[in-house]
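Structural overview
Letter by letter, the chains look like this.
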Amino acid sequence: MKSLLVLLQAAAEGDSQWMSMLPLFLILIVFYFFFIRPQTKKNKEQKKFRENLKKGDKVVTIGGIHGKVAELKETTVTVDVGNQQKLTIEKSAVVMDTSEVGQTKK
């Protein structure tokens, strides 16, 4: 009888440990679904956008420069910013298409 009581107490302590860790697991799940997963999805979309750039596309850079793609190379993009001014920038500095500027995603 005494050994059964000891076993029940040990099981209750084990359950207590899991119950105290439950909020931590729930917080981790919330962080994954609300922060980590959307950010990786956005990064994939940005990578796909940069890979599909073509001459004549209107783009915006990280620094906020608006222009039209004049030339594409493996890692760089030449952007025509107007008045016969061209800038050579890294592909990673191209953020979005100008048609997306000012729009909020739903």
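Residues numbered from 1 in each chain as written. Predicted model: local features only at pLDDT ≥ 70, side-chain atom pairs only at ≥ 80, totals over all residues. Heavy atoms only, no water.

**Structural notes on the sheet that holds strand β1 (residues 58-61)**
Our working rule: Whether two strands pair depends on DSSP finding at least two bridges between them. Secondary structure elements follow DSSP: runs of H or I of four or more residues count as helices, runs of E of two or more count as strands, with numbering from the N terminus. Structural elements are reduced to axes, namely lines fitted to C-alpha atoms, with helices fitted over the stretch in contact, and the angle between N-to-C directions of any two is expressed from 0 to 180 degrees.
The strand order across the open sheet built from five strands is β4-β3-β2-β1-β5, with neighbouring strands paired in antiparallel fashion. Of all strands in the sheet, those with a lone pairing partner are β4 (85-90) and β5 (94-97), marking the two edges. When the angles between neighbouring strand axes are averaged without regard to direction, this sheet yields 45 degrees.

**Focus on the packing of aromatic side chains**
Applied cut-off: Pairing of aromatic rings covers Phe, Tyr and the six-membered ring of Trp, with a centre-to-centre limit of 6.5 Å; geometry is then stacked below 30 degrees between planes, edge-to-face above 60, and tilted otherwise. Exposure is judged per residue with a 1.4 Å probe applied to protein chains only, and the accessible area is read against the type maximum: over 50% gives exposed, under 20% gives buried, and values in between give partly exposed.
Tallying each qualifying case throughout the model produces two aromatic pairs. The interplanar angle of 35 degrees and the centroid separation of 5.1 Å between the aromatic rings of Phe31 and Phe35 together place this pair among those described as tilted. Of this pair, Phe31 and Phe35 both sit in helix α1 (residues 2-51), separated by four residues, roughly a single helical turn. Since its relative accessible area comes to 44%, Phe31 is described here as partly exposed.

**Quick look at a nonpolar patch on the surface**
Definition in use: Grouping into patches uses exposed residues only, defined as over 30% relative accessible area, and leaves out salt-bridged ones; the cut-off is 9 Å for like charges and 5 Å for nonpolar side chains (Val, Leu, Ile, Met, Phe, Trp, Tyr). With residues, only the protein chains shown are counted as cover, and all accessible areas are computed by Shrake-Rupley using a 1.4 Å probe. Whenever Lys or Arg places a side-chain nitrogen within 4 Å of a carboxyl oxygen from Asp or Glu, that contact is recorded as a salt bridge.
A grouping of Met19, Leu22, Leu26, Ile27, Ile29, Val30, Phe31, Tyr32, Phe33, Phe34, Phe35 and Ile36 is seen on the molecular surface, where their side chains present a nonpolar patch of about 1,200 Å² in accessible area. Topologically, Phe34 is positioned in helix α1. Of the residues examined, Phe34 reaches a relative accessible area of 61% and is grouped as exposed.

**Looking at the environment of Val59**
Its place among the elements puts Val59 in strand β1. For Val59, a relative accessible area of 1% translates into the label buried. Placed 22 residues apart in sequence, Val59 and Val81 show a C-alpha to C-alpha distance of 10.0 Å.

**Focus: the nonpolar core**
Here is the rule we go by: Grouping buried Ala, Val, Leu, Ile, Met, Phe, Trp, Tyr and Cys residues that are joined through side-chain atoms within 4.5 Å yields what is termed a nonpolar core. The contact rule is simple, with two residues in contact once any of their heavy atoms fall within 4.5 Å.
Counting residues in each nonpolar core, the largest one holds seven residues, listed as Leu53, Val59, Val69, Val77, Val79, Ile89 and Val94. Setting aside its immediate chain neighbours within four residues, Val94 contacts Gln46, Phe49, Arg50, Leu53, Val59, Val60, Thr61, Val77 and Ile89.

**Examining the environment of Thr75**
Mapped onto the elements, Thr75 comes out in the loop between β2 (66-72) and β3 (76-82). Along the sequence, Thr75 and Ser92 sit 17 residues apart, while their C-alpha atoms lie 8.1 Å from each other. With near-sequence residues (within four places) excluded, Thr75 lies in contact with Ile89, Glu90 and Lys91.

**Some words on the pattern of salt bridges**
Once their charged atoms are close, side chains differing in charge can pair, the charge on each being opposite to the other. Taken as a whole, this structure holds two salt bridges when the rule is applied. Lys54 serves as the salt-bridge partner of Asp57, at 3.5 Å between the closest nitrogen and oxygen. Judged by relative accessible area, which is 18%, Asp57 ranks as buried. Put simply, Lys73 and Glu71 hold a salt bridge, and the shortest N to O gap is 3.9 Å.

**Let's talk about the side chain of Gln46**
Note that Gln46 resides in helix α1. Judged by relative accessible area, which is 18%, Gln46 ranks as buried. When sequence neighbours within four positions are dropped, the list of residues in contact with Gln46 reads Val94 and Val95.

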